[in-house]
Amino acid sequence: MTTTERIAGIPEAEVASSIKVVRDNADRIFLWNYDRSRGQLVTLYNKAMSSQWNSVSELDWSTDVDPERLVMTQPGPALNLAREAAALPGSPLANWTEKEFVQLGIEMFKASLSQFMHGEQGAMMTAAKIVETVPWIDAKYYASTQTMDEARHTEVFAKYLHTKLGDAYPMSPFLEAQIMALLEDSRWDIAYLGMQIVIESLALAAFGDMLRRTEEPLLKKLLRYVMSDEARHVAFGVLSLAELYQDLSSAELKERQDFLADNTLRSRARSTTPEVWERMNVNVEAVLPFLMEAAAKMETSAFAGFQRGFFAKLVPNVRKLGLLDANNGYLRQRWAEAGLLEFEWADDTGSDYENYDAVAADRAAAASAASA
Ligand SMILES: [Fe+2]
Ligand SMILES: [Fe+2]
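Summary of the structure given here. Here the residue numbers are simple positions, counted from 1 along each chain's written sequence. Chains carry letters from A onward and ligands carry numbers from 1 onward, assigned in written order. Thresholds applied to this predicted model are a pLDDT of at least 70 for local features of residues and 80 or more for the giving and counting of side-chain atom pairs; totals over whole chains, interfaces and linings are not thresholded and use all residues.

1. A few points about the packing of helix α5 (residues 98-133) against helix α8 (residues 188-213)
Here is step 1 of the chain: Axis lines are fitted to C-alpha atoms, over the contacting stretch for helices. Their N-to-C directions set the angle, which ranges from 0 to 180 degrees. Counting from the N terminus, the helices are the DSSP runs of H or I reaching at least four residues and the strands are the DSSP runs of E reaching at least two. Remark: α5 packs on α8, axes separated minimally by 10 Å, with the N-to-C direction vectors making an angle of 150°. It follows that α5 is roughly antiparallel to α8 by the angle criterion. Considering only the axes of α5 and α8, their crossing is left-handed. Touching Gly119, Ala123, Thr126, Lys129, Ile130 and Thr133 of α5 are Trp188, Ala191, Tyr192, Met195, Ile199 and Ala203, all from α8. Working definition: roughly parallel below 35 degrees, roughly antiparallel above 145 degrees, roughly perpendicular at 65 to 115 degrees, and oblique for all remaining angles. The hand of a helix crossing depends on one turn: near helix anticlockwise from the far one by less than a right angle means left-handed, and clockwise means right-handed. Remark: residues whose backbone-derived C-beta atoms lie within 7 Å of one another are considered to be in contact.

As structure tokens, then:
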């Protein structure tokens, strides 16, 4: 169907601009077996219940956020790139003053948080799809807690943008295509693989990158709390898929390996947000060659900060799923060609989610302070 058809609950004039219709091709599975047979998922579900946090009472929304200060104390790689591009001969940014760079930094920051917000809604929808499609009761229970987590994440990023920064940016076409494909796929485990393993690793790396750079206390706490949930979500993916993939045929495993190769090798393409440049009254086509030249000049390694963080989380988890070595090491070979195997034994979020639990750490500290 097209999005111009009538959708109950939405005024007809707003349908085209305010919603996206996605058709799910996977079957919903109702279960008759309620046995709690998967101990590690039971543990994870219990952990998820006790680590729920309240976005209204546990974050201090009265914190005063000054976007200009925020950008000047945490210049991101994109802003540094723009400064480098401005110094190149003939650059459309040549006449920019500090005022424009600060404004660009604010717009880029808003663009990043907007992608976090849209991605979190995608995660909420995907977790809800897993509730409906996974054939194991323990996984349905767990995915229900994740759906709540992702609702909270979507809501806090939307609130931070709306109350502290201003207008959000639209979802990037790349992220949209990636998430819609998961929501439409007929194979339930592809939603898991794409969200819990690929996009959650991407999110942990992106949030971690922002957390390292920011001094803003509300954003810091928000990111720490969101990350402690995300690390659990990755563990959920690893536990579930490691079990499933033991029973798939070579041909089925090959499909999953191709999915990972396509997703990861494609996601390395540098993306830019054209709307940011539009808001800055700069012609995107005109500035792009300068940004690319500046990027080529600045590139110190094939895997700059954020990309490193992503693969350091992704590759070890894929190894645990058995997908590196299935089919005579088909994925191992493809990733080796791209230089990704250096991350095979890196950061361990698949079982180490306890270390990310900032919520539990804060509560333990508060409890010991109260008893002291
Ligand atoms: Fe999330
Ligand atoms: Fe998540």
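2. Focus: the nonpolar core
Here is step 1 of the chain: With 85 residues, the main nonpolar core has Leu44, Ala85, Tyr142, Ala235 and Val318 as its most contacted residues.
Here is step 2 of the chain: Residues contacting leucine 44, with those up to four places away along its chain left out, are Tyr142, Arg232, Ala235, Phe236 and Leu239. What makes a nonpolar core is a set of buried Ala, Val, Leu, Ile, Met, Phe, Trp, Tyr and Cys residues, with links drawn between C-beta atoms within 7 Å. Exposure is read from a count of other C-beta atoms within 10 Å of each residue's own; the residue is exposed at 12 or fewer, buried at 20 or more and partly exposed in between. C-beta atoms are placed from the backbone.

3. Quick word on helix α7 (residues 173-184)
Here is step 1 of the chain: Here the expected length of a helix is defined as 1.5 Å per residue gap, with one fewer gap than residues. A rise of 1.5 Å per residue sets the reference length of α7, with its 12 residues, at 16 Å; its end C-alpha atoms lie 16 Å apart and thus fit the reference within 8%.
Here is step 2 of the chain: Of the positions making up α7, those classed as buried are Gln178, Ile179, Leu182 and Leu183. Looking down the long axis of α7, one finds its buried residues gathered within 130° of arc, a one-sided arrangement. Of the exposed residues in α7, the ones pointing more than 90 degrees away from its buried face are Pro173 and Ala177. In this context, the arc is that of the directions from the helix axis out to the C-beta atoms.

4. Brief notes about the packing of helix α6 (residues 137-165) against helix α9 (residues 217-245)
For any two helices packed against each other, one specifies the crossing angle of their axes together with the interaxial distance.
Here is step 1 of the chain: Contact geometry of α6 with α9 gives a least axis separation of 10 Å together with a crossing angle of 155°. In terms of axis orientation, α6 runs roughly antiparallel to α9. In this structure, α6 crosses over α9, and the sense of that crossing is left-handed. Counting all contacts with α6, which are made through Ala139, Tyr142, Gln146, Asp149, His153, Val156 and Tyr160, the residues of α9 involved are Leu219, Leu222, Val226, Asp229, His233, Phe236 and Ser240.

Shape descriptors only; they carry no functional weight alone.
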